Amino acid sequence: FIVKPDPAEKTTGTTTGKKTEAKTALSIRKGEHIVLLGSGLGSRMNHFGHFETELHMRHPDNKLVIRNICDEGNTPGFRPHPSRKSPWAFPGAEKFQTELAKGSGSRGHYETPDQWLTRLKTDTIIAFFGYNSSFNGPEGLDSFKGELGAFIRHTLNQKYNGKNPPQLAIVSPTAFQNLSAKYGTPDGKTTNANLNLYTRAMQEVCATHGVLFIDVFSPSKAAFDASKEDLTTDGALLNNRGYAWLAPRLSDSLYGKYTGKIPPSRKAVHAAVSEKIWCWLNDYKMPNGVHVHGRRYNPFGPKNYPDELKKTREMTAVRDQAIWAAVQGEKFDLAAADAKTHKLPPVQSNYKPSGKNGDPDYQPGATSQTKLTLPDGYQMGLFASEKEFTALANPVQIAFDNKGRLWVATMASYPHYRIGDPKPTDKLIILEDTNNDGKADKQTIFAGDLHIPIGFEITAEGVYVSQSDSLVLLKDTDGDDQYDSKEVILSGFDDHDTHHAISAFCADPSGAIMM
């Protein structure tokens, strides 16, 4: 995967200049703070954890601290956030994105990319760019080269760890896998031509600046062409198998071919990495961030969220320790360590009684049924309530399947999970009337480990669920009405305000889903 600069290669476009010698691998030291930065290829790693696991397994004694601040749609200079007025990652970045340089109305005090990198005491940056930029085709190439070059120069002039500039590696996009025969998606010929063009441009810019460049386009294209299995969900986005394929190859390219002995604790390390990512994302991408650092911070945020962020960061650091223990094959008592983290104050209700704020006196189903007035010719019956089915708390979406059963998505964790609480147990429930008396008498929990399942659609291949920032496909493979596998189909949706996420689904006669 490693691409070294060619001394004879001529540099063109906006990055012309004297070349410096590029590294052929990054160094790594004990306690290295590594930050993954960029767009979707890096961001989706949060759902799978293979790359972080691979780095920890190869460097078991180094006690690495790894954080992922990637987000779908980011470019070297354009990294918007709804709680930050400016979308620009560094001064001057706006001149490379004229189409995107429009006011979004974003408001808040979310930290800038440089502030995050400083907070994280970053020693090494691994940057994933190029895929969404390639949509601009040959016409956008020179602008992208200028933007990437400006990002590199800015980054290498910083001292995020307070001592020296960061090590920097730039990773190309992966190729597009041709799954057209299976899904009716594009064959990828045009996409791959553009991706190849942008990969070569990235190589050129990195050579000019003496920065390590990793070409994952070429080997992924070869792997896709040779594989009999899907390595992507739709041709563009790597799936679990694809990320498992990428992790060791990317690690070799960044840090050199590994010849040491891999500890036998991969499963435990992967579980510990996944747990750390969960905590970390409740800091960097806290759902419902509009109250944490956005336009609704006042009056809702100051009393609660500073304490929650403090606890989140302490618990994330605890999970770093759990990873280091797992690499060594040692046990780690998470509960005991968490008990020593910051204590959260009780949450005070901000409810103020008034006519427009409703009545807090909750009416059970049997009572509320008597409060409704129906038009002539209609009748109403209570099908199910929390009295009979306690799991029915906070229902948000319903749909009937072709067996006449009622599916209900519940969001007990709304508006979002609070750090330190038990993991969310939002549900997708099947309610059934087995004796035809017009009332549900059977409940099956199809999924009980969801978080903000604001919408769903039942299909032949499984149930598509929108939860927080992703669209997942849940499959019941053994027919027991409980899901057995979960696939992340799409990710990167903004859950800055959780009830604004994808909620309305509609399947057309062809099976296509509108959302």
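Above: the structure in question.
Definitions and limits used
- Residues numbered from 1 in each chain as written.
- Predicted model: local features only at pLDDT ≥ 70, side-chain atom pairs only at ≥ 80, totals over all residues.
- Heavy atoms only, no water.
- Pairing = 2+ DSSP bridges.
- Helix = DSSP H or I, 4+ residues; strand = E, 2+ residues; numbered from the N terminus.
- Axes fitted to C-alpha atoms, helices over the stretch in contact; angles between N-to-C directions.
- 1 Å grid on protein atoms, 1.4 Å probe; cavity = no way out; pocket = protein on both sides within 12 Å on 5 of 7 lines; lining within 4 Å.
- Points joined across faces, edges and corners; volume = space filled by probe spheres on them.
- Nonpolar A, V, L, I, M, F, W, Y, C, P; charged D, E, K, R; others polar.
- Patch = residues over 30% accessible without salt bridge, like charges linked within 9 Å, V, L, I, M, F, W, Y side chains within 5 Å.
- Areas by Shrake-Rupley, 256 points an atom, 1.4 Å probe, with all protein chains shown as cover.
- Salt bridge = Lys/Arg side-chain N within 4 Å of Asp/Glu carboxyl O.

**Q** How would you summarise the sheet that holds strand E10 (residues 442-450) if you had to cite specific residues and measurements?
**A** One open sheet holds the four strands; their spatial order is E7-E8-E9-E10, and the pairing between them is antiparallel. The sheet is open, and its two edges are formed by strand E7 (395-400) and E10, each paired on a single side. For this sheet, the mean inter-axis angle between neighbouring strands, taken without regard to orientation, is 20 degrees. Inspection of the sheet shows E7 paired to strand E8 (residues 406-410) by five bridges, in the antiparallel sense. Bridged to Ile398 within E8 is Val408.

**Q** Now, about empty space enclosed by the protein: what can you tell me, with residues and values included?
**A** With the rule as written, the count across this model stands at four cavities of 30 Å³ or more. In this structure, the largest cavity occupies an estimated 150 Å³ of space. Forming the boundary of the largest cavity are 14 residues, of which Ile69, Asn74, Arg79, Arg84 and Tyr284 lie nearest the centre. Breaking the lining of the largest cavity down by element, the ones donating at least two residues are strand E2 (33-38) and helix H3 (113-119). The class makeup of the residues in the lining of the largest cavity is seven nonpolar, three polar and four charged. One number sums up the size of the second largest cavity: a volume of about 50 Å³. Taken together, the residues that form the lining of the second largest cavity break down as eight nonpolar, two polar and two charged.

**Q** Any chance you could break down a nonpolar patch on the surface for me, citing the residues and the numbers?
**A** A cluster of nonpolar side chains, namely Leu372, Leu374, Tyr378 and Met380, defines an oily patch on the protein surface of about 420 Å² accessible area. Positionally, Leu374 belongs in the loop between helix H13 (365-368) and E7.

**Q** I'd like to hear about the layout of surface pockets, residue by residue, with values.
**A** Rolling a probe over the atoms, with the probe sized like a water molecule, indicates the empty space that remains. Looking at the largest pocket, its volume works out to about 1200 Å³. Lining the largest pocket are 43 residues, with His47, Trp278, Leu281, Asp469 and Ser470 sitting closest to its centre. Among the elements of the structure, helix H9 (266-284), E10, strand E13 (470-475) and strand E14 (485-491) are those that each provide at least two residues to the lining of the largest pocket. Classifying every residue of the lining of the largest pocket gives 15 nonpolar, 18 polar and 10 charged. By volume, the second largest pocket amounts to about 810 Å³. For the second largest pocket, the lining is made up of 26 residues, of which Tyr183, Thr233, Tyr464, Glu487 and Ile489 are closest to its centre. Within the residue set of the lining of the second largest pocket, elements represented by two or more residues are helix H5 (180-183), helix H8 (240-255), E13 and E14. Counting residues per element, the lining of the second largest pocket draws most heavily on E14, at six residues.

**Q** Which residues make up the sheet that holds E14, and what values do they have?
**A** With antiparallel pairing, the four strands of this open sheet are ordered in space as E11-E12-E13-E14. The open sheet is flanked by strand E11 (453-459) and E14, the only strands paired with a single partner. Across the sheet, the axes of successive neighbouring strands diverge by a mean angle of 20 degrees, strand direction being ignored. Bridging between E13 and E14 involves six bridges; their strand directions are antiparallel. Within the sheet, the bridge partner assigned to Leu474 lies in E14 and is Lys486.

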